[in-house]
Amino acid sequence: MKRASLYELKSKGQLNFPDATFDTGPLPRGGLHFYKPGEKSHAEEERHVHPDHCEVFVNVQGRGKLEIEGGEYDFNVGDVFLIEPGGSHHLIADESFPVVNLWMGVKKKPG
């Protein structure tokens with residue numbers, strides 16, 4: 001897991017900000033998810049993982065918690081998290097300030 005802030009990102013001449021920030025590859029998929037108060041992502045799964053790609057979460061509204069490999073991290077506006085392949089993760093929206101999360105599947109660079 002790696003953490004950054006939208007407020008500190010620099011393009012470094014790359015074609016996407018995850019590559020410039022975390023040295024990753026292209027973005028083959030992604031989306032925007034609007035979490036309801038208290039909603040937990042993938043609640044039906046004890047361990048939610050992506051074995052073949054990283055996932056980047058960007059909080060664009062609200063606040064919540066990210067559970068990543070048993071650790072719990074505050075997830076506030078502007079926070080950017082990179083979850084490595086195989087890393088178990090869930091997002092839990094706050095009851096009072098639910099989250100709008102931009103998520104991106106990111107391919108690892110070879111090597």
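This text gives an overview of the structure that appears in the document. The model shown is predicted, which means the values in this text are computed figures rather than measured ones.

## As for the pattern of salt bridges
Part 1: Considering all chains together, one arrives at six salt bridges under this definition.
Part 2: Between Lys-40 and Glu-67 there is a salt bridge; the shortest N-O distance is 3.6 Å. Residue Lys-40 is located in the loop between strand S2 (29–34) and strand S3 (54–61), and its partner Glu-67 is located in strand S4 (residues 63–68); the two are separated by 27 residues in the primary sequence.

## What to know about the pairing of strand S8 (residues 100–106)
Side-chain positions along a regular strand alternate between the two faces of the sheet.
Part 1: Buried residues dominate S8, accounting for five of its seven residues.
Part 2: Bridge count between S2 and S8: six bridges; the pairing is antiparallel. Paired with Leu-32 across the bridge in S8 is Leu-102.

## Some points on the nonpolar core
Part 1: In terms of nonpolar packing, the biggest core is built from 10 residues, these being Tyr-35, Phe-57, Leu-66, Ile-68, Phe-75, Phe-81, Ile-83, Leu-91, Ala-93 and Val-99.
Part 2: Apart from residues lying up to four places away in sequence, Ile-68 is in contact with Met-1, Tyr-73, Phe-81, Ile-83, Ser-88 and His-89.
Part 3: If you look at the next biggest cluster of nonpolar residues, it comprises nine residues, including Cys-54, Val-56, Leu-82 and Val-106.

## Some words on unusual backbone geometry
Part 1: Notably, Asp-23 is not glycine yet its phi reads approximately 60°, a positive angle.
Part 2: With respect to the helices, strands and loops of the structure, Asp-23 is situated in the loop between helix H1 (17–22) and S2.
Part 3: Exposure remark for Asp-23: the relative accessible area of 52% places this residue in the exposed category.
Part 4: Of note, the phi angle at His-42 is positive, near 50°, even though the residue is not glycine.
Part 5: Relative to the elements of secondary structure, His-42 occurs in the loop between S2 and S3.
Part 6: Overall, His-42 belongs to the partly exposed group, its relative accessible area being 29%.

## What about the layout of surface pockets?
Part 1: Computed from the structure, the largest pocket encloses a volume of approximately 180 Å³.
Part 2: Lining the largest pocket are 13 residues, with Tyr-35, His-42, Glu-55, Phe-57 and Trp-103 positioned closest to its centre.
Part 3: Split by residue class, the lining of the largest pocket holds three nonpolar, seven polar and three charged.

## Thoughts on the sheet that holds S4
Part 1: Within the open sheet, the three strands sit side by side as S5-S4-S7. Their pairing is antiparallel. Among the strands making up the open sheet, the edge pair consists of strand S5 (71–76) and strand S7 (89–93). Ignoring strand direction, the axes of neighbouring strands in this sheet form an average angle of 25°.
Part 2: Two strands pair when backbone bridges link them, and S4 and S5 are joined in this way by six bridges, in the antiparallel orientation. The partner of Glu-67 across the bridge, within S5, is Glu-72.

The rules we used
Once a new chain begins, its residue numbering starts again from 1 and follows that chain's sequence as written. In keeping with the predicted nature of the model, local features appear solely for residues at pLDDT of at least 70, side-chain atom pairs appear and are counted solely at 80 or more, and the whole-chain, interface and lining totals rest on all residues. Values reported for side chains reflect all heavy atoms of the structure, with hydrogen atoms and water molecules removed beforehand. Note on definitions: salt bridges are taken to be side-chain nitrogens of Lys or Arg within 4 Å of carboxyl oxygens of Asp or Glu. Per the convention used, a helix needs a DSSP run of H or I reaching at least four residues, while a strand needs a run of E reaching at least two, with both numbered from the N terminus. Per-residue accessibility, obtained with a 1.4 Å probe over protein chains only, is compared with the maximum for each type, and a residue is labelled buried under 20%, exposed over 50%, and partly exposed between these values. Whether two strands pair comes down to DSSP finding at least two bridges between them. Side-chain atoms within 4.5 Å are what join buried Ala, Val, Leu, Ile, Met, Phe, Trp, Tyr and Cys residues into a set we call a nonpolar core. By definition in these notes, contact holds between two residues if any of their heavy atoms fall within 4.5 Å. A 1.4 Å probe that fits into a set of points on a 1 Å grid over the protein atoms alone but cannot get out defines a cavity; an open set with protein on both sides within 12 Å along at least five of seven lines defines a pocket, and lining residues are those with an atom within 4 Å of a point. Grid points are joined across faces, edges and corners, and a volume is the space filled by probe spheres set on the points. Classification convention: Asp, Glu, Lys, Arg as charged; Ala, Val, Leu, Ile, Met, Phe, Trp, Tyr, Cys, Pro as nonpolar; all other residues, Gly among them, as polar. To get an axis, fit a line to the C-alpha atoms, keeping to the stretch in contact for a helix; angles then go from 0 to 180 degrees between the N-to-C directions.

By themselves, these are just geometric observations and shouldn't be taken as functional.
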